[in-house]
Amino acid sequence: MRRELALHTDKYQINMMYAHWVNGTHKRKAVFEAYFRKLPFGNGFAVFAGLERIIGYIGSLRFSEDDIRYLSEQEENYAPAFLEELLQFHFQGTIHSMKEGALVFPDEPLIRVEGTIMEAQLVETAILNFMNYQTLIATKASRIKQVAPNDILLEFGTRRAQEADAAVWGARATYIGGFDATSNMLAGKLFGIPTKGTHAHSWVQSFNSELEAFDAYAKVMPDLVTLLVDTFDTLRSGVPNAIITAKKLEAQGKRMNAIRLDSGDLAYLSRQARKMLDEAGLPYVKIVASNDLDENTIMDLKLQGAAIDTWGVGTQLITASDQPSLGGVYKLVEIESASGEMVPTIKISSNPEKVSTPGKKDVFRIIGTNGKALADYISFPEEAAPRSGAKLKLFNPLHPYMQKRVDRYEALSMLEPIYVNGFQVYSLPDLSEIRRYHKEQLDLFWPEYLRKLNPEVYRVNLSQQVWSRKQQLLAQHMEPDIE
Ligand SMILES: Nc1ncnc2c1ncn2[C@@H]1O[C@H](COP(=O)(O)OP(=O)(O)OP(=O)(O)O)[C@@H](O)[C@H]1O
Ligand SMILES: O=P(O)(O)OC[C@H]1O[C@H](OP(=O)(O)OP(=O)(O)O)[C@H](O)[C@@H]1O
Ligand SMILES: O=C(O)c1cccnc1
C-alpha cells in the first residue's frame, strides 16, 4: 500500500512552506506536538496506533517530477526556485512517538516532531490522518475486547469501511487492539495478521438445498468447516442440517469447527443451537455470531447468557460508527527566534481546554509500588527526569485542587526516538510484539480505568515548570485592557 504521499497534505501547508521560504524563515527550527483533547466513545483510554504508516510515509517522503509539475500549475504561482528545493526535499528532522499499543490519554504529546518549520509543517496533515484514524480503530477494538476478553474476535468490516486504505490499516489497528483475525486477505498478507473466513448466504442459495450446500462445503474443506445456518430457518433447518453434515464429517474422523448465526435473536438462537448441538453429541462445535455487533450488543448478549464463542464484528468497528473521528491536533510548541534561541509558543483559546501547553515536552508514566499506573507526568527534557526517591508533585492544570505527592515509584519514559536528524533509529516490533505490549499496558491499569461505562478519569499531570511557563505565556498574551 506504499505510494507517493508527498502531496497527501493540505494546501495550506505548502502555502505556509512557500511563505516561509519567501520570507527567509523556512530553515527556522520548530517543535510540534500531536495530541488529542477528548477520549473517544466515552472510553477511559485510547490505544495509540499509526506509527508503521507514519514511518513508511516519512521514509519515502519525496516530491516526484510529476508532483512538482502539478504544483507549478497552481494559482499560487510558486517560484521555480522553491519548487526546485522541493524536488531535493527529504525529511531531516527528529521524531519521537508513543509505541503502538500504548494506552494514551488526552493532552499528552503522542508524537513530537522537531525540524525546520518547513518540513515539520509539511508532515502535519498525513501524521494526523494516520494517527487519528488508526488510534480511533485500535481504541474501538480494545473497547470491544474488554467486554469479551476470553472470546475469539474476528474483524469483518472491509465491505463497509471508508475505502481500501481504511479497511486494510483499520484491520491492522483492530489486531493491535486485541482482535484475533481479519477477513481481509490483503491485510493478512501485508501485516501477517491471521485470516479467517466462513461462507456467505450466496453459497447456500447457489445449491438446490441447504444440506447439499453444507455437504459440498464440508467436502472441500473438511478441517475448516463453519456453516452459516440462517439462510432459511435457523432452528428448523440450518442447525439440523449442520448437525447432519457434522455427523458425516465425524464418520470420516473429522470435526466440524462451528456454525455461524447472522440474524434474529442471537441470545435465544445461540442457546437453542448450543442445546441442539450438545444433544447431538457435538459439544466441540463452536458458535460464531455476526450482525451489526459492537461492544454494547456483545455485552448485552453475554448478559442474556448467549452461547457464543466467536464474534464477527464489521461495520461498527471499522467505521467507529458511534464516533467516526478522533480530534487529534498538531500544535507548534517551540520556534527558533531570529537570534537563534528556541522560544516556547502558546495558542490561546476562550475554551481553557483548547489552550496549548508551550515548550517541547516529555511524557512519563508513573507506576506505583503496586505495579499500577498512578498518573502520567509531563515535563521539559531539560528538567531532571522523575526517578524513584525524588518526590514528585502530581497535579493537573484543569483540576489544580487535586494534588498528590509520591516518592516511591517507577517512571516509564513513553516517547521513543523514531527518527533522529532524518535517520530512522527505531525498528518497528512485529505485530505480535505490539499486541503483547498493548496487553502489558492494560495490565498497568486498574479495571476502574478500563471499564466501558463511566470509567475513572486517569490524570495527565504537568511538572511545576511546565505549568509555570504556561501561566507566564498566558499572562503575557492576556494583558488585561486598561479602561
Ligand atoms: N438478544 C439480543 N439482544 C440485543 N440485541 C440483539 C439480540 N439479538 C440480536 N441483536 C442485535 O439486534 C440487531 C438486529 O438487527 P436487525 O433487525 O437488522 O437484524 P435481523 O432482522 O435479525 O437480521 P437481518 O436484517 O440481518 O436479516 C443487530 O444489531 C443484532 O446484533
Ligand atoms: O454486520 P457487520 O458487523 O458489518 O458484519 C459483517 C456482515 O457482513 C456480512 O453481511 P452482508 O454483507 O451479507 O450483509 P447483511 O448480513 O447485512 O445482509 C456478514 O454476514 C455480517 O452480517
Ligand atoms: O467470513 C465471514 O463469515 C465474513 C466475512 C466478511 C463479512 N462477513 C462475514
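Residues numbered from 1 in each chain as written. Chains lettered and ligands numbered in written order. Predicted model: local features only at pLDDT ≥ 70, side-chain atom pairs only at ≥ 80, totals over all residues.

- For the protein chain, an unreviewed UniProt entry supplies the name Nicotinate phosphoribosyltransferase and the organism Paenibacillus monticola.
- Quoted verbatim from the Catalytic activity (unreviewed entry) heading of the UniProt record, the comment on the protein chain is "5-phospho-alpha-D-ribose 1-diphosphate + nicotinate + ATP + H2O = nicotinate beta-D-ribonucleotide + ADP + phosphate + diphosphate". (UniProt positions renumbered as here; feature names shortened; annotations may be inferred.)

**Focus on the overall build of the protein chain**
- Along the backbone of the protein chain there are 17 helices and 21 strands.
- Projected onto the principal axes, the alpha-carbon positions of the protein chain cover approximately 85 × 60 × 45 Å.
- Here the protein chain holds 483 residues, and 43% of them are scored as buried. (Helix = DSSP H or I, 4+ residues; strand = E, 2+ residues; numbered from the N terminus. Buried ≥ 20, exposed ≤ 12 C-beta atoms within 10 Å, placed from the backbone.)

**Comments concerning the sheet that holds strand S9 (residues 258-261)**
- Taken in spatial order, the six strands of this open sheet run S7-S6-S11-S10-S9-S8, and their pairing is parallel. Unpaired on one side and paired on the other, strand S7 (181-182) and strand S8 (226-228) mark the two borders of the sheet. (Pairing = 2+ DSSP bridges.)

**As for the pairing of strand S16 (residues 392-396)**
- As paired elements, S16 and strand S17 (residues 399-406) share five bridges and run antiparallel to each other. Across the sheet, the residue bridging to Phe395 is Gln403, located in S17.

**A look at the UniProt feature "domain: Nicotinate phosphoribosyltransferase C-terminal" (unreviewed entry) in the protein chain**
- The sites that UniProt annotates as "domain: Nicotinate phosphoribosyltransferase C-terminal" (unreviewed entry) are residues 360-468.
- Between the first and last C-alpha atoms of residues 360-468 the distance is 14 Å; the span itself is 20% helix and 37% strand.

**Let's talk about the pairing of strand S15 (residues 373-379)**
- With seven of its seven residues buried, S15 lies for the most part within the structure.
- Note that strand S14 (residues 362-367) and S15 share six bridges and pair antiparallel. Counterpart to Phe364 in the pairing with S15 is Tyr377.
- As consecutive antiparallel partners, S14 and S15 are separated by five residues, and within that stretch Gly371 has a phi angle of approximately 85°, a positive value.
- Judged from the three bridges that link them, S15 and strand S21 (residues 460-462) form a sheet pairing that is parallel. Among the inter-strand pairings, Asp376 is bridged to a residue of S21, identified as Val460.

**Concerning unusual backbone geometry**
- You will see that Phe41, though not glycine, has its phi angle at about 65°, which is positive.
- Relative to the elements of secondary structure, Phe41 occurs in the loop between strand S1 (29-35) and strand S2 (46-47).

**Topic: the confidence of the model for the protein chain**
- Taken residue by residue, the protein chain gives an average pLDDT of 96. The fraction at 70 or more is 99%.
- ipTM for the predicted complex: 0.97, alongside a pTM of 0.97. (pLDDT = per-residue confidence, 0-100.)

**A look at the nonpolar core**
- Membership of the largest hydrophobic core comes to 125 residues, with the highest contact counts inside it found for Ile127, Ile259, Trp311 and Ile366.
- Split by domain, this core shows at least three residues from each of two domains, domain 1 (11-138 + 324-477) and domain 2 (145-319). (Core = buried A, V, L, I, M, F, W, Y, C linked by C-beta atoms within 7 Å. Domains from an automatic or database assignment.)

**Topic: the domain arrangement of the protein chain**
- Each assigned domain of the protein chain is listed with its residue range as follows: domain 1 (11-138 + 324-477) and domain 2 (145-319).
- Each of domain 1 and domain 2 has a C-alpha centre, and the two are 40 Å apart.
- Domain 1 puts 16 residues into the contact, and the matching count from domain 2 is 18 residues.
- Those elements that provide at least two residues to the side of domain 1 that touches domain 2 are helix H6 (124-147) and helix H15 (431-443). (Contact = placed C-beta atoms within 7 Å.)

**Let's talk about the packing of helix H2 (residues 51-59) against H6**
- Close contact between H2 and H6 brings their axes to 9 Å; oriented N to C, the two are set at 165°. Compared by their axis directions, H2 and H6 come out roughly antiparallel. Remark: the crossing between H2 and H6 carries right-handed chirality. Of the residues in H6, those touching H2 at Arg53, Ile54 and Tyr57 are Ala126, Ile127, Phe130 and Gln134. (Axes fitted to C-alpha atoms, helices over the stretch in contact; angles between N-to-C directions. Parallel < 35°, antiparallel > 145°, perpendicular 65-115°, else oblique. Left-handed = near helix turned anticlockwise from the far one by under 90°.)

**Section: the site of ligand 1**
- Every residue close to ligand 1 is listed here: Ser263, Gly264, Asp265, Leu266, Ala267, Asn291, Asp292, Leu293, Thr297, Asp300, Leu301 and Gln304.
- Elements with a contribution of two residues or more to the shell around ligand 1: helix H12 (266-279) and helix H13 (295-303).
- It is H13 that provides the largest number of residues to the shell around ligand 1, a total of three residues.
- Its residues assigned to classes, the shell around ligand 1 comprises four nonpolar, five polar and three charged. (Near = placed C-beta within 6 Å. Nonpolar A, V, L, I, M, F, W, Y, C, P; charged D, E, K, R; others polar.)

**Notes on the packing of helix H10 (residues 210-220) against helix H11 (residues 234-251)**
- Remark: H10 packs on H11, axes separated minimally by 9 Å, with the N-to-C direction vectors making an angle of 35°. Where H10 crosses over H11, the two elements pack in a sense that is right-handed. For the pair formed by H10 and H11, the contact residues are Glu210, Leu211, Phe214, Asp215 and Ala218 on the first element and Ser237, Gly238, Asn241, Ala242, Ile244, Thr245, Lys248 and Leu249 on the second.
- Grouping the amino acids of the contact of H10 with H11 by side-chain chemistry returns six nonpolar, four polar and three charged.

**Points about the sheet that holds strand S19 (residues 416-420)**
- The strand order across the open sheet formed by seven strands is S13-S12-S1-S5-S3-S19-S20, and the pairing between neighbours is antiparallel. Where the open sheet ends on each side, the last strands, each with one partner, are strand S13 (342-344) and strand S20 (423-424).
- Bridge count between strand S3 (residues 94-97) and strand S5 (residues 111-116): four bridges; the pairing is antiparallel. Counterpart to Thr94 in the pairing with S5 is Glu114.

**Observations concerning the environment of Lys452**
- The topology assignment puts Lys452 in the loop between helix H16 (447-450) and S21.
- Owing to 16 C-beta atoms within 10 Å, Lys452 belongs among the partly exposed residues under this scheme.
- Residues Lys452 and Ile144 lie 308 residues apart in sequence; the distance between their C-alpha atoms is 8.9 Å.
- Ignoring any residue separated from it by four or fewer positions in sequence, one finds Lys452 in contact with Arg143, Gln146, Val147, Glu295 and Met299.

**Topic: the environment of Phe89**
- Following the sequence through the fold, Phe89 ends up in the loop between helix H4 (80-87) and S3.
- Assessed through the 15 C-beta atoms surrounding it within 10 Å, Phe89 is described here as partly exposed.
- Leaving out residues up to four positions away in the same chain, Phe89 has contacts with Arg62 and Phe63.

**Remarks on the environment of Thr315**
- Relative to the elements of secondary structure, Thr315 occurs in helix H14 (residues 315-318).
- Sequence separation of Thr315 and Tyr458 is 143 residues, and the distance between their C-alpha atoms is 29 Å.
- Apart from residues no more than four positions distant in its own chain, Thr315 is found in contact with Gly157, Arg160, Asp292 and Ser321.

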